[in-house]
Structures are given as C-alpha cells and as structure tokens.
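In case you want the letters, here they are:
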Amino acid sequence: MSTTTSPTPSTSANIIYRRYDPKQEVIQLEAIRNMIGTDLSEPYSIYVYRYFLYQWGDLCYMAYDGDLLVGVVVGKLENHRGGPILRGYIAMLAVKESYRGHGIATKLVQSSISAMKALNADEVALETETSNKAALKLYERLGFLRSKRLHRYYFNGNSAFRLILYLKEAPNGGCCGEEGEHHHDHGEERGEREFDDDGV
Amino acid sequence: MSEGAGLSGVELDLDQLSLQSPPAMPSSTPPLSSFRDITDEFIEASKKLEVGQLVQDPQFTLFQAIMDPKMDSGLLEPEYENFDAWQERLPEEIIGIMDRLLCNEMAWHLGSALSQTLFASLYVDKILSSMPTRLNDATFGPPRGEGHEIIQNILRPYCVAVIRCCAYANWQVPNEHIYDEEDFVGQTYGLPMLQAVSYKDMDNLLAESLVWLSTNKDKFTSEIYLAIRNRILLRKALLSNFQRDSDWKKNPEPQWEGCLAFIEAIEKDHTLAKEVPEAWSMSIQRKLASSVPPRPLVDLPFSEAISTVRKLCTETHDIYKLLDYAGASNVMSYFIHFGARQPTPLPYTRSLIQTLFCKDLRICGKLPIRDILYDDVRELCNPPAKLFDPKNDECEAPSNPKFQIAERMEWFIARAGRLYIELYKYLCQNRSRMRRILCKAMLEWDSMQVEAEEIDQELASLTKEQPKPFQGVMQYGFHLSSWVYHYKLRIMEQITLLGFELEIYPLHEFDGMYWYLQFYLKTRSLHIERMLAFVGNEPKSLSLLNFYLLENVAMHDLATACMLLYSALARYNLLEKPRNPQGSDRFRYEGRMKPFMSIGVPEVVQYDYFRNVVDNPDMDTSSLLHLASEHIAEAKKGYRQLSTLDKEITRSKMCHDTYKANISKLTRSCFGIGVAIGVLTREVDAGTVESSNLCVTLHQGAGYHASFPVPLVTSKEVKK
C-alpha cells in the first residue's frame, strides 16, 4: 500500500453506508466519478455513470467516512440476453486505497446483492482480471463461482474470469445457454469492468 | 425501482422523439425531402423533463457511452507534424528502427492492434498515408537533405516488406476460425497493406537493397554491415515463407526453419541497435480511428519478439507434416498436442493449420472428408465392412439393403462429418475459447449419439448383424454410436481438464472436479472394453483401443488419487472454502455442472450423492490417504509403461516428442502429488493436522501437467 496524505480511518465502525440518492446527484455523482477515475487507465465518461445510476441507482451503495466518500459499488439488473433469467451485474467497485482491508468493499457488494435479491434476481455476475487475486478472494468468499475464462478480455490484453453467484435453483434441464457470446456481446460488456482490489 | 414511474414516462416521450426508428438510410446522402422538421416536437417533449433529468435511447448502448474526451486520442502531436523520414540516421539507429519494427510486427501477431504497434511507426505512416497501391508509390515522399541513401536503400525496402508480410498474415488469419479482437486484430483502418504488390517485385526490392549494401560495404564497420544484412535476409526469408503459405498447394515443402539462422544472428547483434523513440507516436491513432478510444502502444521487448518469431517459424514449419496424411488417429493426436502447447501457437499458425487440414472439402490437401471420417470410425470400432462397400453407392433399387445402407451412411457422413471436422478446428482456438466451444460441441455430439443409435439399429438389421455376448447379454455392436459416444466422452474429459488448466476451479472445488474427471474416464474405460468385444481381430482397432485403455486407466488413477487427497485436505478446512457464502453449495454445484445438465449419458449426479462420494464420510482420513497413495503408485506405473511405447502405438507419428513431454509432465505431477499425500499422511498419523498450522498452495510450474498442479502442503511456521 502506498503512503497517501488521505486520512486513515480510525475504525471501520465509523464508516456509514448509504444508498445512492438521485436527488443529490450533483454532489454524489461527482464524488463517485472522482474516486473511480483516480486509479483508472481508461476512465469512464459521464454517460457510463448515468447509464447505471439513472436506471439502477437503487443498486448503488456508497461508503462514507464523515463527509468523505471512501467506497462505491455500481450495478445493474436485467433479464440476461432477454431470457427468463434475471441477472444482476456488479459493474464497478472501488474503495479508496487507504481504506482498503477493512471489509468495506465486501459490505458494499453485499448491500448491492441484497438489493438485487429483493428485486428477485436469479443470479449476479461480474468479470474480474484473472490476476486480481484480492478481488477473486472477495467475491469467492461471498459465494461467487468462476464460470468461465475470457481470453484477452480487457483492452490491456489481460484475461478475465466471469464470476456468477447463483441465488436460486437452476431451472430444469438447464444447459449452457450462456454460450451465445460472440463478439458483439463481448464488445458491450467490455466496458463493464470492476476495479476493486480491496488491498491487503 | 423507486424511480420506475418517472422513467417509464420518459420512455413514452422518447418513442415520440425517435421518429419511429427509421430504417437504415439506403445511402449516405438521402434526398432532402426525406427530412422532417421535428423542432416543435422536440421542444414539446423536452418540456416534460425535469432539469437535469436524463433520457436514454435504447439504441444508445453502454459501449457508446464509454466514449469520453479523456479517452479521445486528441490532436496530432508536434512529434507527428514535425517528423521527417529523410532525416539522416546513424546505421545503428537504422538497426534500432528495424528491430523495433520486428517487435511491432510480433506484438501484432500476438493480438495487439496495428494502431498500437506497426501503424504507430512514423516511417510506416509516411509510406501508407499516401494510400499507395503500387510499389513505386510506397515511399517516404521526395528525398530531402543529405545522407538519405541508407534511408532510401535499406529502411524503405525494409518497412515496405514488413507491411507486405503483415498483409499476407492479415489475409490468412481471417480465412479460418480465429476470433477477431480476441486473438487477433485484423483492423487496418482503411489503409492499404500493399496487398497488390507482387511477391516478385517485393523480393526484388529486397534483393536490390542487398546489392546496394554490399556495394557500399566500406561505409560500415563489418559488424554493422552484417547486422543490416542479416535483418534484410531474415525479412526476405519471412516474406518468401508467407508467400509460399498463401499458395501452399504449390509449395508443400515448408522452408520456415530456414529463418532460424538469421533469427539467431539478429538476436546476437541486437546489441548494436540504437533506439529512435521519436519515430513512433501514439497520436497516429487520432488519424486512424478518431472515434475509438486510444489504446496504449505495445512495447514488446526485443527478446520476446525474437522468441515469438522463432515460434512462428518452427511451429508453422511443423504443421506442414499434416500434408503427409498419417491416418485419422495420428492427425487427431497431433491437433490435441498442438492446441495444448504453451504458450498457445500464434493466430497465424492456428489459422494456417486449419487451412492445411481442410480446404475446399479436401483433408490434408487431398482426401475427401468421408475418407478421414471412415478411417477414424474403422480404426476405433471396426464396423462390418458392408457399411463401407463402395458398391452400395452404385445400387439404384431403393428396396435393396445396399441402397438403404448407402442412404444411412450418407446421413452419417453429413451429420458426423461436420462435427468431426469442427472438432479439429476447435482444438486450434485459444484455451479459454476452446473450453466454452467444447461445452457447445458436447451437446451436439450428445444429440448425434441418440440419432446414431437409431441408425445403428437399422444398420444391424440391414446387414443381418449377429449379436454377440457381452457381459452375459447378447448385444449388437452399435458401431457408429459407439464411435460418437467415445468422442463425446473425450470432449467431457477435455472440458474438465481445461477447467483445472484455466484455473476455473478454485482449490476447494478440486475434490469434486477430480471426482468428475475420474467418473468420465471410468465411463470411457468401460466403453472401450465394450468396443473391444465388438472389433473382432482387427489389429489396428485392438492396438488403438488397448492404447486408449492404458492411457485412460493411468489418468483415472491419477485423478482418483487427487480426488482422495483433496477430499482429505477438505476435512481440515485447508482448501480456502468460503465460510459463510451467499446462495447455497447446491446452487453452486448446479451452476458448475450447468453445461453438462442435459447430457443423457453419463448424467450429472444428484448433489447429495455427489457430496457423499466425494467426502467419503464413512472412511477415516488415514484410509483415504492410503487409498490415494495406492492409486498414485498405479498411475506412476501406467505412465512409465506409456513412456516406453513407440509412436505407432501411441498415434504420435507426427508429434512423438510432444507426446513424450506430455507423459513426463504427467509423471512429474504423479510424483508431486505422491509427495503431498506422503506429507499429509505423516501429519495425520502424528495427529498434528489443524487448519491453523498447515497451509496448501498450488504449484503450476515446475514441469507439472497443467491440469494436475501439485499442492504444496507446508506448516505455516516454515512458510513464514
């Protein structure tokens, strides 16, 4: 972990978790963008944030230390490929570097999953770099399963795992219907990274 | 959703705005009469929105949303505007530029975009930006200033030849099944790749370059002279090989290995190279594709470029063996080993091997598809010769059994032929893709098996087949469906093996997934035994089936030993199994087995049964480990025997070295896993095992087989 000038959290008990509030868009969206934009090589445009927040603001949770935003999770929930499966998706997850290792990311993801569950989600999916051991650990602790590996998924040439959390029983005679995935889909989901590494 | 009501209101307005989604315009300049002024409607609709409220058109996808000014490649930088290709360069700099162009080319072969590699070279840009199609137009523009001779006579021919080499590759790769943007980026941003320039002209240009070099030999030190010469000779050889590949029917003898000596030479004299970083610019991407996010330039280290070009030459050379058809089972095992090579062969080679294997409905340049299919079927399960009698096809009376046999065999060729040829092509995909594609193929082979069983019954009656006793019951051979079933089981094993190799299974799933691996292997062993009962005395079939059985039993022992070892480790919570995960273990099990769910035989087992056979609750840990060590001993024995078999028996006529290397990796895994069993047994016997004092880490390297990584069981104190 690098040394930063940002304040160190006294205890994780001081962290307050809030759901995204569209009425406070001006303040919250700016803070979210600032935080996620900090360590990103390929920053997202305002449209990406709006794409998620306008449609699924109720799946977005934020962690605060006082007035300071220290973590955020952004997701969506849709029928997977127009089929019957209602699939949640963790699109972005970030925790301020100096606040990592206190379970904030886990708490955020759990909140988002709970919100998805309340909306009757069948499963929750996401992608993460195969080399991001911390993220893999975080999600697997929550019960996510590595369902497949995606070769050179990211622009930087790295591969990804798709992780899925199954919340309900598999429909009868389930098969690998996942597999339509040719390039147009891939292209769309390329934008949906997550970049938490909930450090050590 | 709380905002649901507001959103749906907005969508209504959007519909009014969207001009009923007009169909795509037939041309880029529609007649003016087709425009409609929507200003009033727009103002009316937008009044219904709150200030700051966003409307989203369903056509506006997330991918489009990603565009951002920060991701804009921006203006052309001064370095671009001011670049002068004619500027005098030291010979060492010329070498540096040539070497970095090789790095660019190889990075592109490895899957980066041209905009990140070759096209970022300002020299290449100077040549291509005038959109040349003829060789004489492919220049840096009119010469300027002093000292341009080396630029004109060495650098220009070299750049042009690199571009032409890329054009050959860019023509070959998309000819076959290779995933664009994933394995290979064929995008040329509308620039010509000098495809129209003939090989002869290109080769002459390089020959003239060599002549100029030797005429001006005294201008260089002898090291520099040789270094430049080697680079042009390598380029000449690469160009010639790409050209030969593009016309492989005329050039069935590969010469790729002729490049290796030059590669070795330039690897050595690279120390002479002096870098010219200002000759590359990221801002070129602005010109190439302004609407696409810029991608960072890829700086492949020279040493990696060398190993990549070496791999290109040796592996492309090797695949020409296919043209000397060595029989279906040998070709199949060649593809399996080819696909398993690490690192995976380059997209170019993976594309060309598919072309050499099957082009214009000819296998290996000559055979019709039915020949290799029949070859494979006959070698594996030796059906009655009547099925393959060419006279069947001549019979014209529909009531004649010969006619009816021919009809069914036609069906089989059409149905199985496609899946069988595709299977070879699947083995040429990157490993992640291969696993996913095999999951789909498995379903197709499964339904084909059901169909083939019906055809088998009809053929049995048409050929008046006599049933034979097998396991006390009179049975028919079910030859065709037996063959299908055998491949289906191999696919199921391969999917499972790839799950380990690609790290799709985390440690705590190892016990269960090795259980499935041994289950599929066991099922195949039983199937092979059944086939053995129906092949008669055909020596080829007997030899193949017995070899498969040996291979299968060895891996079955290895997988069983692994299953037992991990099952024992799981008892002490040493496999990082999450403690309080969401969902349930049963859902996760069903999710894991989802691709296999609809397979008829062998079926996915019920979760409770699965846990029971994997956990072995009735067996104490010492017995579990004892059993594991017995299996590992058997596996070692099996692999020892397999390592002594010759290439005829092992169907590795074209890849015996790879075959042996694979057996030796499996053997190493056996030893490593044997050690882990030993360590754990000692700890268990001493009664000292606790999850708090032991830890398990996986070893993928050290020459182990990729699907059988070795667990290192260590006490935590030692680790610290």
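Source: prediction; values computed, not measured.

To continue, consider the UniProt feature "domain: NAA35-like TPR repeats" (unreviewed entry) in chain B. Here, UniProt's "domain: NAA35-like TPR repeats" (unreviewed entry) annotation points to residues 320–710 of chain B. Secondary structure within residues 320–710 of chain B divides into 64% helix and 5% strand; the distance between the first and last C-alpha atoms comes to 36 Å.

With 286 residues, the main nonpolar core has F357, Y420, W445 and W483 of chain B as its most contacted residues. By residue number, the principal contributor to this core is helix α21 (residues 539–571) of chain B, which donates 17 residues.

Below, the discussion takes up the domain arrangement of chain B. Domain parsing of chain B yields domain 1 (91–320), domain 2 (324–504) and domain 3 (543–575 + 598–719). Look at where the C-alpha atoms of domain 1 of chain B and domain 3 of chain B centre, and you get two points 47 Å apart.

Looking now at helix α14 (residues 347–357) of chain B. Counting buried positions along α14 of chain B gives 11 out of 11 residues, so the element sits mostly inside the fold. Restricting attention to buried positions, one finds in α14 of chain B the residues P347, Y348, T349, R350, S351, L352, I353, Q354, T355, L356 and F357 of chain B.

Moving on to empty space enclosed by the protein. Residues and elements named next belong to chain B. In the structure shown here, the tally under the stated rule is 8 cavities of 30 Å³ or more. Roughly 60 Å³ of volume is contained in the second largest cavity. For the lining of the second largest cavity, the secondary structure elements donating two or more residues are α13 (328–340), α15 (369–381), α19 (479–501) and α21. Of the residues assigned to the lining of the second largest cavity, the class counts are 5 nonpolar, 2 polar and 3 charged.

What follows is about the side chain of N330 of chain B. Residue and element names in this part refer to chain B. Inspection of the secondary structure assignment puts N330 in helix α13. On the basis of relative accessibility, which here comes to 4%, the residue N330 falls in the buried class. Polar side-chain contacts of N330 include one of 2.9 Å to the backbone nitrogen of K653. The residues contacting N330, other than those within four sequence positions of it, are K647, R651, S652, K653 and M654.

Residue and element names in this part refer to chain A. For chain A, mean pLDDT is 80; residues scoring 70 or higher make up 76% of the total. Counted against residues more than four places away or in other chains, residues 1–6, with its pLDDT under 50, gives 7 contacts. Per-residue pLDDT stays below 50 along residues 173–200; that stretch engages in 100 contacts with residues further than four places along the chain or on separate chains.

Once the charged atoms of two side chains with opposite charge are near each other, the side chains can pair. Residue and element names in this part refer to chain B. For the structure on display, the rule yields 49 salt bridges over all chains. Residues K249 and D360 are paired through a salt bridge, measuring 3.4 Å at the closest nitrogen-oxygen approach. Here D360 lies in the loop between β1 (358–359) and β2 (362–363) and K249 lies in the loop between α9 (222–246) and α10 (260–269), a separation of 111 residues in the sequence. Residue class for D360 comes out exposed when judged on its relative accessible area of 57%. When the shortest N-O distance is used, the salt bridge between R408 and E458 registers 2.5 Å. On the criterion of sequence distance, the pair formed by R408 in helix α17 (residues 401–426) and E458 in helix α18 (residues 431–462) is long-range, its members being 50 residues apart. A relative accessible area of 30% places E458 in the partly exposed class. One network of salt bridges, with partners in common, ties together K311, E315, D318, K321 and R341.

The next thing to look at is α18 of chain B. Because each turn of an α-helix spans 3.6 residues, side chains separated by three or four positions end up pointing in the same direction. In this model α18 of chain B runs 43 Å from its N-terminal to its C-terminal C-alpha over 32 residues, within 8% of the 46 Å that 1.5 Å per residue would give. With its phi angle positive at about 50°, K464 of chain B sits one or two positions after the end of α18 of chain B.

Quick look at the sheet that holds strand β6 (residues 145–150) of chain A now. The mixed open sheet is built from 7 strands, whose spatial order is β1-β2-β3-β4-β5-β7-β6 (chain A). The open sheet has two edge strands, β1 (15–19) and β6 of chain A, and neither has a second partner. With strand direction ignored, the average angle separating the axes of adjacent strands in the sheet is 25°. Where strand β5 (residues 123–129) of chain A and strand β7 (residues 160–166) of chain A come together, 7 bridges link them in antiparallel fashion. When the sheet's bridge partners are listed, T128 of chain A is paired in β7 of chain A with F161 of chain A. Lying over the sheet, helix α2 (residues 46–56) of chain A contacts β3 (68–79) and β4 (86–95) of chain A, oriented at roughly 70° with respect to β3 of chain A. Packed on one face of the sheet, helix α22 (residues 585–592) of chain B meets β6 and β7 of chain A and runs near 25° to β6 of chain A.

Quick notes on the rules
- Residues numbered from 1 in each chain as written.
- Chains lettered and ligands numbered in written order.
- Predicted model: local features only at pLDDT ≥ 70, side-chain atom pairs only at ≥ 80, totals over all residues.
- Heavy atoms only, no water.
- UniProt positions renumbered as here; feature names shortened; annotations may be inferred.
- Helix = DSSP H or I, 4+ residues; strand = E, 2+ residues; numbered from the N terminus.
- Core = buried A, V, L, I, M, F, W, Y, C linked by side-chain atoms within 4.5 Å.
- Buried < 20%, exposed > 50% of the residue type's maximum accessible area, 1.4 Å probe, protein only.
- Domains from an automatic or database assignment.
- 1 Å grid on protein atoms, 1.4 Å probe; cavity = no way out; pocket = protein on both sides within 12 Å on 5 of 7 lines; lining within 4 Å.
- Points joined across faces, edges and corners; volume = space filled by probe spheres on them.
- Nonpolar A, V, L, I, M, F, W, Y, C, P; charged D, E, K, R; others polar.
- Polar contact = N/O pair within 3.5 Å; in protein donor to acceptor, adjacent residues only side chain to side chain.
- Contact = heavy atoms within 4.5 Å.
- pLDDT = per-residue confidence, 0-100.
- Salt bridge = Lys/Arg side-chain N within 4 Å of Asp/Glu carboxyl O.
- Expected span 1.5 Å × (residues − 1).
- Pairing = 2+ DSSP bridges.
- Axes fitted to C-alpha atoms, helices over the stretch in contact; angles between N-to-C directions.

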